[in-house]
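Next come the chains, spelled out residue by residue.
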Amino acid sequence: MKVAIISGSVYGTAEEVARHAESLLKAAGFDAWHAARATLQDLEGFVPQALLAVTSTTGMGELPDSLMPLYSTIRDTLPAAWRGLPGAVIGLGDSSYGDTYCGAGEQLRELFAELGVHEVLPMLRLDASETVTPETDAEPWLAEFAQALKG
């Protein structure tokens, strides 16, 4: 199964989590692909059979600048080929920000819902105020994600 991983990062942590996810999914037998600053054309060329989004949250719950062009293009296009695909979101944030905690992840969940992507696991929230190793903390969830895709 071909799993496309899209990501957006401010300081690089979400990119690290996305690269780690790509590595773990490949080790689990998936054809996983991740490219920082991917375009819609890049994604459509890969022809994904599942989607994983990894994003940090910036400002008042917004998407990182690195993800905005892709997010906007997907939202404006709503690729029909992705309707019904399995997918999930990993959101990084800081719970001390209250209501905006993992706000960018929530925006991607909403986009996936608009696309008709079937959420196979609830969003993983990685809290910067509680973890120093988010890529390691994501491993149990990623193992569940891989199982959900195989099942």
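Residues numbered from 1 in each chain as written. Predicted model: local features only at pLDDT ≥ 70, side-chain atom pairs only at ≥ 80, totals over all residues. Heavy atoms only, no water.

Enquirer: When you look at the UniProt feature "domain: Flavodoxin-like" (unreviewed entry) in the protein chain in this model, what are you seeing that I'm missing?
Expert: Taken from the UniProt record, the annotation "domain: Flavodoxin-like" (unreviewed entry) applies to residues 3–146. Its end C-alpha atoms 10 Å apart, residues 3–146 is made of 40% helix and 22% strand. (UniProt positions renumbered as here; feature names shortened; annotations may be inferred. Helix = DSSP H or I, 4+ residues; strand = E, 2+ residues; numbered from the N terminus.)

Enquirer: Is there a simple way to explain the layout of surface pockets in this structure?
Expert: A probe as big as a water molecule, rolled over the atoms, marks out the empty space that is left. As a volume, the largest pocket reaches approximately 420 Å³. What lines the largest pocket is a set of 23 residues, and nearest its centre among them are Ser56, Thr57, Gly93, Asp94 and Ala128. Residue assignment for the lining of the largest pocket shows that the elements contributing at least two residues are helix H1 (13–27), strand S4 (86–93) and strand S6 (124–127). Split into classes, the residues belonging to the lining of the largest pocket amount to 10 nonpolar, 11 polar and 2 charged. (1 Å grid on protein atoms, 1.4 Å probe; cavity = no way out; pocket = protein on both sides within 12 Å on 5 of 7 lines; lining within 4 Å. Points joined across faces, edges and corners; volume = space filled by probe spheres on them. Nonpolar A, V, L, I, M, F, W, Y, C, P; charged D, E, K, R; others polar.)

Enquirer: How do you make sense of the environment of Pro86 when you look at a structure like this?
Expert: Locating Pro86 in the fold gives a position in strand S4. Linking Pro86 and Glu119, residues 33 residues apart in sequence, is a C-alpha distance of 6.0 Å. If sequence neighbours within four positions are ignored, Pro86 has contacts with Gln49, Ala50, Leu51, Val117, His118, Val120 and Leu149. (Contact = heavy atoms within 4.5 Å.)

Enquirer: Would you mind going over the pattern of salt bridges with me for this structure?
Expert: Tallying each qualifying case throughout the model produces 6 salt bridges. Taking the shortest distance from any N to any O, the salt bridge between Arg109 and Glu119 comes out at 2.7 Å. Here the residue Arg109 occupies a position in helix H4 (residues 103–115), and Glu119 occupies one in strand S5 (residues 118–119), the gap between them amounting to 10 residues. Three or more residues joined by partner-sharing salt bridges are found here, namely Glu106, Arg109, Glu119 and Arg125. (Salt bridge = Lys/Arg side-chain N within 4 Å of Asp/Glu carboxyl O.)

Enquirer: I would appreciate a short explanation of the packing of aromatic side chains in the present structure.
Expert: Geometrically, a pair of aromatic rings is defined through the distance of the ring centres and the angle of the planes. A full pass over the atoms with the stated rule returns 2 aromatic pairs. The interplanar angle of 20° and the centroid separation of 5.4 Å between the aromatic rings of Trp33 and Phe46 together place this pair among those described as stacked. Separated by 13 residues along the polypeptide, Trp33 in strand S2 (residues 31–34) and Phe46 in helix H2 (residues 40–46) bring together distant segments of the chain. Residue classification places Phe46 among the buried positions, given a relative accessible area of 11%. With a centroid separation of 5.6 Å and 5° between ring planes, the pair formed by Trp141 and Phe145 is classed as stacked. Remark: Phe145 and Trp141 occur in helix H6 (residues 139–150); sequence separation between them is 4 residues, near one turn of the helix. Judged by its relative accessible area of 0%, Phe145 falls in the buried class. One Lys or Arg, Lys2, reaches over the ring of Phe46 and ends 4.7 Å from the middle of that ring. (Phe/Tyr/Trp six-rings, centres within 6.5 Å; stacked < 30°, edge-to-face > 60°. Buried < 20%, exposed > 50% of the residue type's maximum accessible area, 1.4 Å probe, protein only. Lys NZ or Arg CZ within 6 Å of the ring centre and 35° of its normal.)

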